[in-house]
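# Tertiary structure, described
Single-letter residue listing:
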Amino acid sequence: MSESVTPAAAFELLAAEPRMDIMQALVDARREGETPLSFSALRRRTGIDDSGRFNYHLGKLVDTFVEKGADGYGLSYAGSAIVAAVIAGAYTGSERKGPVDVEGACELCGADLAAEYVDGDLSVRCENDHGLFVTRFPPGAAASMEMETLLEVSTLRIYQRLELAATGRCAECFGPVETNQTTQPLEDSEMHVYRMECTRCGGEWRASAGSFLTFAPEVVSFFRRRGVDIHHAPPWTLIEGEREATVVSEEPYRLQFDLAAGDDRIRVVLDETGQVAETAIPD
Ligand SMILES: [Zn+2]
Ligand SMILES: [Zn+2]
């Protein structure tokens, strides 16, 4: 999309039925491997008989959501992104799944866990209502998934978001992300949390520091060599030693974990954005 189009103007461009029909026709054609489409082929698929009227609406979309190349019309990058968001988010009525029993126990009280999805909100909670994993997931995408798949996909999505945020970028708009760290009291111990905020779209995420271990290559491979897959481990399960992290430096912020897999140990220090600053295998 050209820089001169404001978000409000972009939404306005789509706020006409024939334009959504054109976008839908381009999606269908792309899925069928038929893009780019010629002017007449696109008009046929859209079902708008009046060529002048069709041309008017198509003209409004070209250079923003629709790309015109030598061979015809297709979705632009912005067009693809908006269509993907609409397909994933499409409201399918009241979408509800679960509660479904989930393996593991509450890290706070030891009670059994259950997962539930209600109209966009996915959560894993214990019987005492400790929310161990709370996230949003688009209903149009959730509708076709079993709870197991939904949990798997949303777990990976969270980790990918955090990985991008740790490198300083927002997974939604790719704007710069600012990160700060807090320590929260937790029953008889404490919990280290990173809070990330996108300075462009205002998106906000909070994640326990341990979540950042799940995509740190040194840590993942240490555990993988010992038969443990932490990269796909759900966020409500813990690695031995994860809860006992220590802030070893405030300025710059350094958070140290002494993790264990059986008899083997690894020391991992995260920096202020959740990236690995150093690792060591203690003697
Ligand atoms: Zn609990
Ligand atoms: Zn953003």
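Just so we're clear, the structure is a prediction, and the values are computed from it rather than from any experiment.

## Topic: the pairing of strand β1 (residues 66-69)
- The pairing of β1 with strand β2 (residues 72-75) spans 4 bridges and is antiparallel. Across the sheet, the residue bridging to Val 66 is Leu 75, located in β2.
- Linkage of β1 to β2, two consecutive antiparallel strands, is achieved through a turn of 2 residues.

## Quick look at the environment of Ala 88
- As for its position among the elements, Ala 88 is in helix α5 (residues 77-89).
- Sequence separation of Ala 88 and Phe 137 is 49 residues, and the distance between their C-alpha atoms is 8.9 Å.
- Excluding anything up to four places from it in sequence, Ala 88 contacts Pro 138, Gly 140 and Ala 141.

## With respect to the environment of Gln 275
- With respect to the helices and strands, the residue Gln 275 is situated in the loop between β12 (264-270) and β13 (276-280).
- Each C-alpha atom, one on Gln 275 and one on Thr 214, is 11 Å from the other, the two residues being 61 residues apart in sequence.

## A look at the packing of helix α2 (residues 17-31) against helix α4 (residues 51-61)
- Closest axis-to-axis distance for the α2/α4 pair is 9 Å, and the angle between their directions is 70°. With respect to their mutual orientation, α2 and α4 come out roughly perpendicular. Between α2 and α4, the contacting residues are Pro 18, Arg 19 and Ile 22 on the first element and His 57, Leu 58, Lys 60 and Leu 61 on the second.
- Here the contact of α2 with α4 is composed, by residue class, of 4 nonpolar, 1 polar and 2 charged.

Basis of the calculations
Residues numbered from 1 in each chain as written. Chains lettered and ligands numbered in written order. Predicted model: local features only at pLDDT ≥ 70, side-chain atom pairs only at ≥ 80, totals over all residues. Pairing = 2+ DSSP bridges. Helix = DSSP H or I, 4+ residues; strand = E, 2+ residues; numbered from the N terminus. Contact = placed C-beta atoms within 7 Å. Axes fitted to C-alpha atoms, helices over the stretch in contact; angles between N-to-C directions. Parallel < 35°, antiparallel > 145°, perpendicular 65-115°, else oblique. Nonpolar A, V, L, I, M, F, W, Y, C, P; charged D, E, K, R; others polar.

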